[in-house]
Every structure is written in structure tokens, then in C-alpha cells.
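Chain by chain, the residues run as shown.
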Amino acid sequence: MIREQLASLDSVNLILSGNTGLIMSLVLAIIMFGIALGIKLETLKNVFTSPKSIITGIVLQWVGLPAITFLLIMLLHNVLTPMVCLGMILVACCPGGNISNFMSSYAKGNVELSVSMTAVTTVFAPAVTPFNFWLWGNLFLKYATLSEALTIPHLEIPFSEIFKTVFLILGIPILLGMLCSHFLPRFSDRIKKPMSVFSMVVFVVMVLGMFIPNRKLFIDYIIFIFILVLIHNACAFMTGYFGATAMRLPAIDRKSITIEVGIQNSGLGLTLLLNPAIFNPAIWNNPESGVLYGGMLFVTCWWGIWHIISGLTLASIFRRSKAS
């Protein structure tokens, strides 16, 4: 039953504007500029002076989460479809989400560690994201015992195109934000908080702008995607928390690492999916060949909504925690 529903999801086309990809790229660029205003060289220096926490966090983000995601889809492969699985892998390979720093601050975590993790994973995203997606995606398509996998084309990732896309919407805004913070500190401090609020509002509006025209489709399929994303997101949080605990990191660092690993930049995943130079519609959304990626879009889009709810809930729990 669940498998049939998810299989029918692949053929569903979301109602999206022709400029959706461009709008998302511009929004993400604005968001990353706002985040970079809080990244100071002194902040990075302080974190890297005692690198155990940030190294642990980055390893959990780059290796732990994709590996746990792979194990999860192998465990559920009799229920899931290849495109849904690839959507989960794509989300797991994205860098930390744009609202994780705010959530870490609200949770009374190590904000410097959170900002540094976001900065490092985002700066290296042009190389790490496509490589991880290629590695784990092809590993899934090779070893998953799904007959449908035979209809999925070999996962060939245009690294140069992804690098260019990610560099333009993440790399340049972060560089400009850091330069602004360094050379115009007073101005940066003045606009940092408004930019943070503005970024969150714009991101929510952007996701709702995609959700509302497709609300009937989401209502029809939401129960299955909701449960799947809930489990996947919970696994991401647990990867961060138990990984940091195993390394005996302070509670304040565990909070930030847990949030960083559990809050993914799913907006970047959607931007990549909607870029025809990366996911060629003739290959990845072609009714004639039977390869349709509606499942990838649904998983990635719902992640963008759900991790805000789950992240704020977890941050509230951490905030009330007496652990120091």
C-alpha cells in the first residue's frame, strides 16, 4: 500500500512558476549573506583553537548523516521507491540549514560552534555536496534490491555545474557578508538581527509559496511523506546528539552539533533539483522513459517545512534543560 502510493507520487508534477529556481537562488543568496554577517575571523579562530568539537560536528555532518541515511533506506527499501530514497540522500548531502544558528542561540548552545560549522560546511558545499550525492546515490542504485532501480539512469553528477551553482548562491554571498562584517562592523551589527529575522520570514514564505498551490497534492500524500521525513529528521538529530555524546563533548556543544546535523539546507536541494543543467528533464522527468522525480521534490520540499517545526521544538527542550 505505502509503496504503491509513493510510486504514484513520482509521476506527480508540482505546480511551480517558471522562475521558481531563480527566485530560490536569490532568496538563498540573501539568507547566506545574512548568516555571514555573524561570521567573524575571531569567532572562527576561537573555535579552531580547540578543534575537537567542530571536527566532530563536521564529520557527523559530512559522513555520519549520509551513512545513517543510507542504512535507513536500506532498512526500508521494501517500502520506499528509488526517487524517494534519492531525495533523502540529496537532503542528507546538503550543508547545514540557514536557521540553525538562530536555533542554536535559542537553545543556549555554543553559537560560535554553530556559526563555524555552518560556515565550513557551506563554504565546502560546492565540492562536498555533489561528491556525497554521487557516492551515496550510486551506492544505493547499485546495491538496493529494487526492481524499479533498473529503470533509473546511472547517476552522473555534473560537478562543475553544481560547483558553479552552489558557489554563486552560497560562496559569493558568504564572502561578501564576511567582508562586510570585517570592514563595516558597526553597520553589520546593526543589520545582523533584522537580516536574521528577514531571512527566516522569507524562507518560510518561499516554502509556503511552493506549498499552497500544491496543497491538495500534499494532503493526498502527506501522511506517508510526513512519517518518512519525521523518521529521517529524527535520525539526523540523533546522529548529532549521540555522536557528540560519544566524543564526550560539553552539553553546550552537544546542543549545537545536534541542531546543525538535524537542520539541513533543503532549499539548496530544491535549487539543485530545479536546475535543468543539473537534473536534465529529458532524463530525470521524462514520462516516456518512466523516470520521474516527483518523490525527490516532495521529500526535499517537506523537509524545508518540517525541520523548522522539529528544530524549534528541540531548541525549546534544550533551552529548558538544566544541563551545562
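Residues numbered from 1 in each chain as written. Predicted model: local features only at pLDDT ≥ 70, side-chain atom pairs only at ≥ 80, totals over all residues. Heavy atoms only, no water.

(A) The arrangement of helix H8 (residues 125-143) in detail. Look at H8: 26 Å from first C-alpha to last across 19 residues, which is about the 27 Å you get at 1.5 Å a residue. By the burial criterion, the buried members of H8 are Ala125, Pro126, Val128, Thr129, Pro130, Asn132, Phe133, Trp136, Gly137, Asn138, Phe140 and Leu141. (Helix = DSSP H or I, 4+ residues; strand = E, 2+ residues; numbered from the N terminus. Expected span 1.5 Å × (residues − 1). Buried < 20%, exposed > 50% of the residue type's maximum accessible area, 1.4 Å probe, protein only.)

(B) Geometry of the packing of aromatic side chains. Enumeration over the complete set of coordinates arrives at six aromatic pairs. Here the aromatic rings of Trp62 and Phe124 are separated by 6.1 Å at their centres, their planes lie at 75°, and the arrangement is edge-to-face. Taken as a pair, Trp62 in helix H4 (residues 52-75) and Phe124 in the loop between helix H7 (111-123) and H8 lie far apart in primary sequence, 62 residues in all. According to the relative accessible area criterion, Trp62 is partly exposed, its value standing at 23%. Ring centres 6.0 Å apart and planes at 35° place the aromatic pair Phe131 and Trp134 in the tilted group. Residue Phe131 and its partner Trp134 are located together in helix H8, separated by three residues, close to a single helical turn. Joined through ring pairs, the aromatic side chains of Phe226, Trp302 and Trp306 make up one cluster. Its guanidinium or amino end placed over the ring of Tyr106, Arg319 lies 4.7 Å from that ring's centre, counting from NZ or CZ. (Phe/Tyr/Trp six-rings, centres within 6.5 Å; stacked < 30°, edge-to-face > 60°. Lys NZ or Arg CZ within 6 Å of the ring centre and 35° of its normal.)

(C) The arrangement of helix H12 (residues 251-262) in detail. In this model, H12 (12 residues) spans 16 Å end to end at C-alpha, consistent with the 16 Å of a helix rising 1.5 Å per residue. Counting buried residues in H12 gives 11 out of 12 residues, a clear majority hidden from the surface.

(D) Structural detail: unusual backbone geometry. Phi at Lys108 is positive, roughly 60°, even though this residue is not glycine. In this fold, Lys108 is placed in the loop between helix H6 (100-106) and H7. Backbone geometry places Arg248, a non-glycine residue, at a positive phi of 55°. The topology assignment puts Arg248 in the loop between helix H11 (215-246) and H12. Residue class for Arg248 comes out exposed when judged on its relative accessible area of 76%.

(E) Layout of the environment of Gly87. By secondary structure assignment, the location of Gly87 is in helix H5 (residues 82-93). Setting aside anything within four residues of it in sequence, one finds Gly87 in contact with Met296, Val299 and Thr300. (Contact = heavy atoms within 4.5 Å.)

(F) Region of the structure containing a nonpolar patch on the surface. On the surface, Phe163, Phe167, Leu168, Ile172, Leu175, Leu176, Leu179, Phe183, Leu184 and Phe187 cluster together into a nonpolar patch covering about 960 Å² of accessible area. Classification of Phe167 as partly exposed rests on a relative accessible area of 39%. (Patch = residues over 30% accessible without salt bridge, like charges linked within 9 Å, V, L, I, M, F, W, Y side chains within 5 Å. Areas by Shrake-Rupley, 256 points an atom, 1.4 Å probe, with all protein chains shown as cover. Salt bridge = Lys/Arg side-chain N within 4 Å of Asp/Glu carboxyl O.)

(G) Spatial organisation of the packing of H5 against H8. For the pair H5 and H8, interaxial distance at closest approach is 9 Å and the crossing angle is 150°. When the interaxial angle is binned, H5 and H8 end up roughly antiparallel. For the pair H5 and H8, the crossing hand works out as right-handed. Together, Pro82, Cys85, Leu86, Ile89, Leu90 and Cys93 of H5 and Thr129, Asn132, Phe133, Trp136, Gly137 and Phe140 of H8 make up the contact between the two elements. Looking at the contact of H5 with H8, its residues break down into nine nonpolar, three polar and no charged. (Axes fitted to C-alpha atoms, helices over the stretch in contact; angles between N-to-C directions. Parallel < 35°, antiparallel > 145°, perpendicular 65-115°, else oblique. Left-handed = near helix turned anticlockwise from the far one by under 90°. Nonpolar A, V, L, I, M, F, W, Y, C, P; charged D, E, K, R; others polar.)

(H) Broad picture of the environment of Phe133. Turning to its location among the elements, Phe133 is positioned in helix H8. Among the residues examined, Phe133 registers a relative accessible area of 2% and is labelled buried. Taking the C-alpha atoms as reference points, Phe133 and Cys93, separated by 40 residues in sequence, lie 5.9 Å from one another.

(I) Just the side chain of Ser256, in detail. Within the secondary structure, Ser256 sits in helix H12. Judged by relative accessible area, Ser256 falls into the buried class, the value being 0%. Only 2.8 Å separates the side chain of Ser256 from the backbone nitrogen of Asn110, close enough to count as a polar contact. Once residues lying within four places of it in the same chain are set aside, the contact partners of Ser256 are Ser104, Gly109, Asn110, Val111, Leu113 and Ser114. (Polar contact = N/O pair within 3.5 Å; in protein donor to acceptor, adjacent residues only side chain to side chain.)

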